[in-house]
Amino acid sequence: MGVGTRLWRWCRSEARSRCSVRVMAAGPGMRRGSGPVSVVLRLGLLLGVVLGTARAAVYFREQFLDGGGWRRRWVSSESRPDLGTFHLTAGKFYGDPVRDRGLQTSENSKFYAISSRFKPFSNKGKTLVIQYTVKHEQKIDCGGGYIKIFSSDLDQKNLSGASPYYIMFGPDICGSETKKVHVILNYKNKPHPIKKPIRCKVDGYTHLYTLIIRPDQTYEVKIDNEVAALGNLEDDLDFLQPRKINDPAVKKPSDWDDRVQIDDPNDIKPEDWDEPEYVMDTSDEKPEDWDHAVHGEWSYPMVKNPLYKGEWKPRQIDNPNYRGVWPHPQIDNPHYSPDYNIYSYENIGVIGLDIWQVRAGTIFDNFLITDDEDYAEDFGDETWGETKDPEKEMNIRQAEEEQRRERVSEEEYFERQFKRKQEEKRESQKEKRMKNAVKKEEF
């Protein structure tokens, strides 16, 4: 990272507004901050911005800022007639009505398949960064929020779950058990999922998901521009045979005791333990209409024995001879063959959504594929980062307004109930007075 870029990132994080003011306010006279340090800072900032933008290769970027123009860039699959449809919206609550517009799933219990094409490229020798935002506005109970990266030869009109992909990345939620971030990479035509568990965000707000794959075969997963997982591709995904294996020529010694607990030899089964599980109910009587020819010979029914204690087992005690887990000696795996290109793909050319959702309402936005980690982080800060707080504030205001309406509605309901009872009481008293008047007249 160059000096200018570092200065720019410091400016962004520490005093962005002041730096921007100083850069823009600097005129020919340079009355504001005209010292040598200030000049260097301004030049460094401008140089960092220019060089940072020039250095980053942006293969794909989609923010849906041109209204209906997205329909020219995205192709809906026709692989099955009942696929769900997407529409463009910022949702029920948002930070910005235009910048937060994205593709939203619109029909419950549907498969969705849509994709967008870009100029093919290879990430060999380069960092690959895949990033986008997901907003489960409906607080999804079961469904995918992940994306897939495909080769340029994908038939977009026939995109389906059977379409081979290079990379699958993003959140997947279903019930209380599945709340994870998928990282699945294709290697030799076989998908390999990451072995590390990565938990996704489960609230109803927009979140930024970033996958970074580097030429040194390391990877990083970030959620909301913060590291959620990192490691080595070879270690955390089963691409290759293991480097080491257990030595097949060595066996565990016969006297090696790896039992943590054993039966207590001093524990003896009680004499009254053995009771049958079921006994005959001798209190029952044969029905008077019992027909031996039809029903067979009558016998007392069997009922659960209240004295039955189950199978007896001696209590467990710590094994005094426990030696721990036997460390099987390891040797180099003769079948292991290193591959220094498991991170790379040729002809990357399509990004797509191929998901199933029980309850629709997820919004996908701010797609980015680049080779520059810093650019991706800046892009995330300038999109999701600038609208996330206003989005939450709007949602909170809406919730408070909804609560206020509910309170007003409840108060109006009780007021109507009170008035109705008062009216009924007045009618009852009026009717009672009329009856008393009639009785007096009759008397």
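These figures come from a predicted structure and were not determined experimentally.

S.K.: Sorry, what's going on with the overall build of the protein here?
M.R.: Along its length, the protein carries 8 helices and 22 strands. Buried residues in the protein amount to 39% of all 443 residues. Taking the intrachain contacts of the protein between residues at least 6 apart in sequence as the baseline, contacts between residues at least 24 apart amount to 73%. By element, 51% of the accessible surface of the protein is carried by carbon and sulfur atoms, the whole surface being about 27,100 Å².

S.K.: Which parts of the structure should I look at to understand helix α7 (residues 373-382)?
M.R.: Along an α-helix, a turn takes 3.6 residues, which lines up residues three or four apart on a common side. Looking only at α7, the buried set comprises Asp-374, Tyr-375, Ala-376, Asp-378, Phe-379 and Gly-380. The residue sitting at the N-terminus of α7 and contributing the capping side-chain oxygen is Asp-372; that oxygen lies 2.9 Å from the backbone nitrogen of Asp-374.

S.K.: It is not clear to me how a nonpolar patch on the surface should be interpreted in this structure. Could you clarify?
M.R.: On the surface, Tyr-278, Met-280, Tyr-300 and Met-302 cluster together to form a nonpolar patch covering roughly 420 Å² of accessible area. Within the secondary structure, Tyr-300 sits in the loop between α6 (292-295) and β18 (302-304). Residue class for Tyr-300 comes out partly exposed when judged on its relative accessible area of 33%.

S.K.: For this particular structure, what's the right way to read the pattern of salt bridges?
M.R.: Side chains that differ in sign of charge can pair as their charged atoms come close. A full pass over the atoms with the stated rule returns 29 salt bridges. When the shortest N-O distance is used, the salt bridge between Asp-258 and Lys-252 registers 3.0 Å. Between Asp-267 and Arg-315 there is a salt bridge whose closest N-O contact spans 3.3 Å. Placement of Asp-267 in the loop between β16 (261-263) and β17 (278-280) and of Arg-315 in the loop between β18 and β19 (316-318) is noted, with a sequence separation of 48 residues between them.

S.K.: Is there a simple way to explain the environment of Asn-108 in this structure?
M.R.: Checked against the element boundaries, Asn-108 lands in the loop between β4 (102-105) and β5 (110-121). The exposure class assigned to Asn-108 is partly exposed, which follows from its relative accessible area of 47%. Sequence spacing of Asn-108 and Val-358 is 250 residues, and the spatial spacing of their C-alpha atoms is 5.3 Å. Among all residues touching Asn-108, those that are not within four sequence positions of it are Gln-357, Val-358, Arg-359 and Ala-360.

S.K.: Explain the packing of aromatic side chains here, please?
M.R.: Any aromatic ring pair is given by two values, namely how distant the centres are and how the planes are angled relative to each other. Under the criterion given, the structure shown has 19 aromatic pairs. Considering the side-chain rings of Trp-74 and Phe-367, the 5.4 Å spacing of their centres and the 50° angle between planes classify their relative orientation as tilted. Highlighted residues: Trp-74 in strand β2 (residues 74-76) and Phe-367 in strand β22 (residues 362-370), separated in sequence by 293 residues. The pair Trp-74 / Phe-367 is uniform in exposure class, with both members buried. Here Phe-111 and Trp-356 contribute two aromatic rings whose centre-to-centre distance is 4.8 Å and whose plane-to-plane angle is 55°, an arrangement assigned as tilted. Residue Phe-111 is located in strand β5, and its partner Trp-356 is located in strand β21 (residues 348-357); the two are separated by 245 residues in the primary sequence. The rings of Tyr-59, Phe-60, Phe-64, Trp-74, Phe-118, Phe-121, Tyr-132, Phe-169, Tyr-209, Phe-364 and Phe-367 are connected pair by pair, giving a single aromatic cluster.

S.K.: Just checking my understanding: could you explain the pairing of strand β9 (residues 167-174) for this structure?
M.R.: Taken residue by residue, a regular strand's side chains alternate between the two faces of the sheet. Here β9 lies mainly inside the structure; 7 of its 8 residues are buried. Where strand β7 (residues 142-144) lies against β9, 3 bridges are found, and the strand directions are antiparallel. Bridge pairing in β9 places Gly-144 opposite Asp-172. Pairing of strand β8 (residues 147-151) with β9 involves 3 bridges; the strand directions are antiparallel. If you follow Ile-149 over to β9, its bridge partner there is Ile-167. Note that β9 and strand β10 (residues 178-187) share 8 bridges and pair antiparallel. Its bridge partner being in β10, Ile-173 is matched across the sheet by Lys-179.

S.K.: Which parts of the structure should I look at to understand the confidence of the model for the protein?
M.R.: Any region with low pLDDT has predicted coordinates that should not be read closely. With 87% of its residues at a pLDDT of 70 or more, the protein shows a mean pLDDT of 87. The low-confidence segment residues 1-8 (pLDDT under 50) makes 13 contacts with residues lying over four places distant or belonging to another chain. For the stretch residues 10-50, pLDDT sits under 50, and the model shows 35 contacts to residues farther than four places along the chain or on other chains.

S.K.: What is the right way to read the side chain of Asp-267 from this model?
M.R.: You can call Asp-267 buried: its relative accessible area is 18%. In terms of polar contacts, Asp-267 uses its side chain to reach the backbone amide nitrogen of Arg-315, at 2.8 Å. Setting aside anything within four residues of it in sequence, one finds Asp-267 in contact with Trp-312, Lys-313, Pro-314 and Arg-315.

S.K.: Please explain the side chain of Ser-77 as it appears in this structure.
M.R.: Mapped onto the elements of the fold, Ser-77 is located in the loop between β2 and β3 (86-89). On the basis of relative accessibility, which here comes to 9%, the residue Ser-77 falls in the buried class. In this structure the side chain of Ser-77 is engaged in a polar contact, spanning 2.6 Å, whose partner is the backbone oxygen of Leu-159. If sequence neighbours within four positions are ignored, Ser-77 has contacts with Leu-83, Ala-113, Gln-156, Lys-157, Asn-158 and Leu-159.

The rules behind these values
- Residues numbered from 1 in each chain as written.
- Predicted model: local features only at pLDDT ≥ 70, side-chain atom pairs only at ≥ 80, totals over all residues.
- Heavy atoms only, no water.
- Helix = DSSP H or I, 4+ residues; strand = E, 2+ residues; numbered from the N terminus.
- Buried < 20%, exposed > 50% of the residue type's maximum accessible area, 1.4 Å probe, protein only.
- Contact = heavy atoms within 4.5 Å.
- Areas by Shrake-Rupley, 256 points an atom, 1.4 Å probe, with all protein chains shown as cover.
- Polar contact = N/O pair within 3.5 Å; in protein donor to acceptor, adjacent residues only side chain to side chain.
- Patch = residues over 30% accessible without salt bridge, like charges linked within 9 Å, V, L, I, M, F, W, Y side chains within 5 Å.
- Salt bridge = Lys/Arg side-chain N within 4 Å of Asp/Glu carboxyl O.
- Phe/Tyr/Trp six-rings, centres within 6.5 Å; stacked < 30°, edge-to-face > 60°.
- Pairing = 2+ DSSP bridges.
- pLDDT = per-residue confidence, 0-100.

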